[in-house]
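# Residue-level structural notes
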Amino acid sequence: NAGVTQTPKFQVLKTGQSMTLQCAQDMNHEYMSWYRQDPGMGLRLIHYSVGAGITDQGEVPNGYNVSRSTTEDFPLRLLSAAPSQTSVYFCASSYEAGLQETQYFGPGTRLLVL
Amino acid sequence: ILNVEQSPQSLHVQEGDSTNFTCSFPSSNFYALHWYRWETAKSPEALFVMTLNGDEKKKGRISATLNTKEGYSYLYIKGSQPEDSATYLCAFTSGTYKYIFGTGTRLKVLA
C-alpha cells in the first residue's frame, strides 16, 4: 500500500518556467488537497478537491492550477514559476469530503525557483 | 479570515518531563479539530480528530482535550522522551472543506 505519493522530490526551476507536481493516492480517497509550507507560515491550502471532476480554491491559489480527472490523481500546475513559489509542497488525502476525516500526507516536493 | 494560533512556538524540555501546549481556534462554526505530529524531513502524521466539546483522546503518553465553547484544545505529553521531539500541528475545520492549520509548536526533548 503506497498511500500518498508525490513526484518529483526536488525540483529547480527558472522564473517563467512551467511544471506539474504529481500527486497520487491508492486508498480510494475522495478528498485531496495541496498545501505549501513556508518558514513561520505553517501549512497553507492552495487547492482542494472533494471528488473527481470537482476542485476549488484554498487560501493561496494564485499562480496554481489543478484538475481531478480521476479519483487517484491530483496534479498541481505552476503556470509561470516565480521566486515567491519557492516552497515545500505537500499533497494530502482523506477518505471522504467530510472534514472529520484524518488527512494522510505525501512526502513533499521541495521546489526552488531561481 | 479564520485564524488558528498555537503556543508556545517552541519548547525545550528534559527527558521525563511532562509538557503541554495550546491550540486556539474560532469558537463559532466549529466542525472538527485535528492534531498532527510532524518529524523533521518527514510528512505530518495524524494523532487525533476531535469533534465534540469535552472530547478527550489518548494515544500512549499523548492525550488531548477540546473546549469548543471557548475555542481551545490542549495537547499533553506525559514523561517526554527524545523520540517525542517533533513539531505538533493543529488544524481547524468549519465545514467549508478547508483545513486551517496553525504554525505549530516545535518540541525538543533533551536526553
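Now for a description of the structure that goes with this document.

## Quick notes on the overall build of chain A
A count of helical and extended segments in chain A gives zero helices and eleven strands. In chain A, the succession of helices and strands from N to C terminus is β-β-β-β-β-β-β-β-β-β-β. Whereas a compact globule of 114 residues would reach a radius of gyration of roughly 13 Å, chain A reaches 13 Å, a difference of no more than 12%. The dimensions of chain A, computed from C-alpha atoms along their principal axes, are 35 × 30 × 25 Å. Residues classed as buried in chain A amount to 49% of the 114 residues present. Across chain A, contacts joining residues at least 24 apart in sequence account for 55% of those joining residues at least 6 apart. Just so you have it, chain A exposes about 5,100 Å², and 49% of that area is on carbon and sulfur atoms. Here chain A holds 7 positive side-chain charges and 9 negative ones, and the gap between their average locations is 16 Å.

## Digging into the pairing of strand 6 (residues 56-59) of chain B
All names here are of chain B. Pairing between strand 6 and strand 7 (residues 62-67): four bridges, direction antiparallel. Counted as the bridge partner of Glu-56 is Thr-65 from strand 7. In textbook terms, the turn of a hairpin is the stretch between consecutive antiparallel strands, and for strand 6 and strand 7 this stretch comprises two residues, one of which, Gly-60, has a positive phi near 65 degrees.

## With respect to the side chain of A:Ser94
The residue A:Ser94 is located in strand 9 (residues 87-94) in this model. The contact partners of A:Ser94, leaving out residues within four places of it in the chain, are A:His29, A:Glu30, A:Tyr31, A:Glu101, A:Thr102, A:Gln103 and B:Tyr99.

## Some words on the layout of surface pockets
Empty space within the largest pocket amounts to approximately 870 Å³. Lining the largest pocket are 34 residues; nearest its centre among them are A:Gln37, B:Trp38, B:Glu39, B:Thr40 and B:Thr87. Of all the secondary-structure elements, those providing two or more residues to the lining of the largest pocket are strand 4 (31-38), strand 9 and strand 11 (109-113) of chain A together with strand 9 (86-93) and strand 11 (105-110) of chain B. The biggest single contributor to the lining of the largest pocket is strand 11 of chain B, with four residues. Its residues assigned to classes, the lining of the largest pocket comprises twelve nonpolar, 14 polar and eight charged. Empty space within the second largest pocket amounts to approximately 240 Å³. Around the second largest pocket, the lining comprises twelve residues; the ones closest to its centre are A:Glu59, B:Leu2, B:Asn3, B:Ile100 and B:Phe101. Put simply, the parts of the chain that give the lining of the second largest pocket at least two residues each are strand 5 (42-51) of chain A together with strand 10 (99-101) of chain B. When its residues are assigned to classes, the lining of the second largest pocket shows seven nonpolar, three polar and two charged.

## Quick notes on the interface of chain A and chain B
The interface is formed by 25 residues belonging to chain A together with 22 residues belonging to chain B. Summed over both sides, the interface of chain A with chain B buries roughly 1,800 Å², with 66% coming from carbon and sulfur. Ranking the residues of chain A by area buried against chain B places A:Leu43, A:Leu99 and A:Gln100 at the top, with a combined share of 35%. Our count for the chain A to chain B interface comes out at zero salt bridges. Connecting chain A to chain B are four residue pairs in polar contact (both at pLDDT 80 or more). At the level of elements, strand 4, strand 5 and strand 9 of chain A are the ones that each hand at least two residues to the side of chain A that touches chain B. Per-element tally for the side of chain A that touches chain B: the top contributor is strand 5 of chain A, with five residues. Class assignment of the residues belonging to the side of chain A that touches chain B gives a composition of twelve nonpolar, eleven polar and two charged.

## Here we look at the environment of A:Gln85
Residue and element names in this part refer to chain A. For Gln-85, the location among the structural elements is in the loop between strand 8 (76-78) and strand 9. Once the C-alpha coordinates of Gln-85 and Leu-111 are considered, the two residues, 26 residues apart in sequence, prove to be 7.7 Å apart. Leave out the neighbours within four places in its chain, and Gln-85 touches Arg-36, Asn-62, Gly-63, Tyr-64, Leu-78, Ser-80, Leu-111 and Val-113.

Calculation rules
The residue numbers shown here count from 1 along each chain, following its written sequence. Each chain is given a letter, starting from A, and each ligand a number, starting from 1, according to the order in which they appear as written. Selection of residues for local features in this predicted model requires a pLDDT of at least 70, selection of side-chain atom pairs for listing and counting requires 80 or more, and totals for whole chains, interfaces and linings are taken over all residues. The side-chain numbers reported here are obtained from all heavy atoms of the structure, hydrogens and water having been left aside. In this description a helix means any DSSP run of H or I spanning at least four residues, a strand means any run of E spanning at least two, and both kinds are numbered starting from the N terminus. Here the globule rule reads 2.2 Å times residues to the power 0.38, and the radius of gyration is calculated from C-alpha atoms. With a 1.4 Å probe rolled over the protein chains alone, any residue whose accessible area is under 20% of its type maximum counts as buried; one over 50% counts as exposed, and the rest are partly exposed. Whether two residues are in contact is decided by their heavy atoms, any of which lying within 4.5 Å being enough. Areas reported here follow the Shrake-Rupley algorithm with a probe of radius 1.4 Å; residue values treat only the protein chains shown as occluding. Positive charges come from Lys and Arg alone, negative charges from Asp and Glu alone, with His and the N- and C-terminal ends not counted. To locate a charge, take atom NZ for lysine, CZ for arginine, CG for aspartate or CD for glutamate. When DSSP finds two or more bridges between a pair of strands, those strands are recorded as paired. Detection works on a 1 Å grid of protein atoms alone, calling trapped sets that fit a 1.4 Å probe cavities and calling open sets with protein on both sides within 12 Å along at least five of seven lines pockets, with lining residues defined by an atom within 4 Å of a point. Grid points are joined across faces, edges and corners, and a volume is the space filled by probe spheres set on the points. Ten residues, namely Ala, Val, Leu, Ile, Met, Phe, Trp, Tyr, Cys and Pro, are considered nonpolar, four, namely Asp, Glu, Lys and Arg, are considered charged, and the remaining ones, Gly among them, are considered polar. Defined here as a combined quantity, buried area equals the accessible surface (1.4 Å probe) lost by two parts on assembly, summed across both. Put simply, a salt bridge is a Lys or Arg side-chain nitrogen that is within 4 Å of an Asp or Glu carboxyl oxygen. Throughout this description, a polar contact denotes any pair of N or O atoms lying within 3.5 Å of each other; where both atoms belong to protein, one of them has to be capable of donating a hydrogen while the other can accept it, and for residues adjacent in sequence the pair is counted only when both atoms sit in side chains.

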